[in-house]
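One letter stands for each residue in the lines below.
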Amino acid sequence: MTVQRSFVVMADRDDSVRWLQRALAEEGELLVAESGAVERALQIIDVTGATVVFVEIMPDQIDRQSAVIEGLL
């Protein structure tokens, strides 16, 4: 029996999500939490046991996205 791993992505751009889905297709399931929705991401982590969260960093939103990372920690 193969254990399915879960990953969380927080990104505004659909192309970033699609790229990660392709890259991680054989590694596990990629679950999307709206960018900035820390509580939702934490809920997904609690339910799935995901140990990796990808946060898309955009130069014009670095303060907001840094706060997201802090909230996840």
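Whatever comes next refers back to the structure up there.
Source: prediction; values computed, not measured. (Residues numbered from 1 in each chain as written. Predicted model: local features only at pLDDT ≥ 70, side-chain atom pairs only at ≥ 80, totals over all residues. Heavy atoms only, no water.)

1. Some thoughts on the nonpolar core
Then, number 1: One finds Val8, Met10, Leu31, Ala33, Val38, Ala41, Ile44, Ala50 and Val68 forming the largest nonpolar core, which totals nine residues.
Then, number 2: Put simply, the parts of the chain that give this core at least two residues each are strand E1 (5-10) and helix H2 (38-48).
Then, number 3: When neighbours within four sequence positions are excluded, Ala50 is seen to be in contact with Ser6, Phe7, Val8 and Ile45.
Then, number 4: Residues Phe7, Val9, Leu20 and Leu24 belong to the second largest nonpolar core, which totals seven residues. (Core = buried A, V, L, I, M, F, W, Y, C linked by side-chain atoms within 4.5 Å. Buried < 20%, exposed > 50% of the residue type's maximum accessible area, 1.4 Å probe, protein only. Helix = DSSP H or I, 4+ residues; strand = E, 2+ residues; numbered from the N terminus. Contact = heavy atoms within 4.5 Å.)

2. Quick word on the packing of H2 against helix H3 (residues 62-72)
Then, number 1: Packing of H2 against H3 leaves a shortest axis separation of 10 Å and a crossing angle of 35°. The element H2 and its partner H3 pack so that their crossing is right-handed. Of the residues in H3, those in contact with Val38, Ala41, Leu42 and Ile45 of H2 are Val68, Gly71 and Leu72.
Then, number 2: Split into classes, the residues belonging to the contact of H2 with H3 amount to six nonpolar, one polar and no charged. (Axes fitted to C-alpha atoms, helices over the stretch in contact; angles between N-to-C directions. Left-handed = near helix turned anticlockwise from the far one by under 90°. Nonpolar A, V, L, I, M, F, W, Y, C, P; charged D, E, K, R; others polar.)

3. Describing H2
Then, number 1: Those residues of H2 not exposed but buried are Val38, Ala41 and Ile44. Viewed along the axis of H2, the buried residues span an arc of 125°, placing them on a single side of the element. Exposed residues pointing more than 90 degrees away from the buried face of H2 are listed as Glu39, Asp46 and Val47. (Arc of directions from axis to C-beta.)

4. Here's the deal with helix H1 (residues 14-23)
Along an α-helix, residues three or four apart share an orientation, since each turn contains 3.6 residues.
Then, number 1: Burial in H1 covers these residues: Ser16, Val17 and Leu20. The buried residues of H1 occupy an angular sector of 100° when the element is viewed end-on, so they sit on one face. Exposed side chains of H1 directed beyond 90 degrees from the buried face belong to Asp14, Trp19 and Arg22.
Then, number 2: Residues of H1 that are buried sit in contact with E1, strand E2 (28-32) and strand E3 (52-55).

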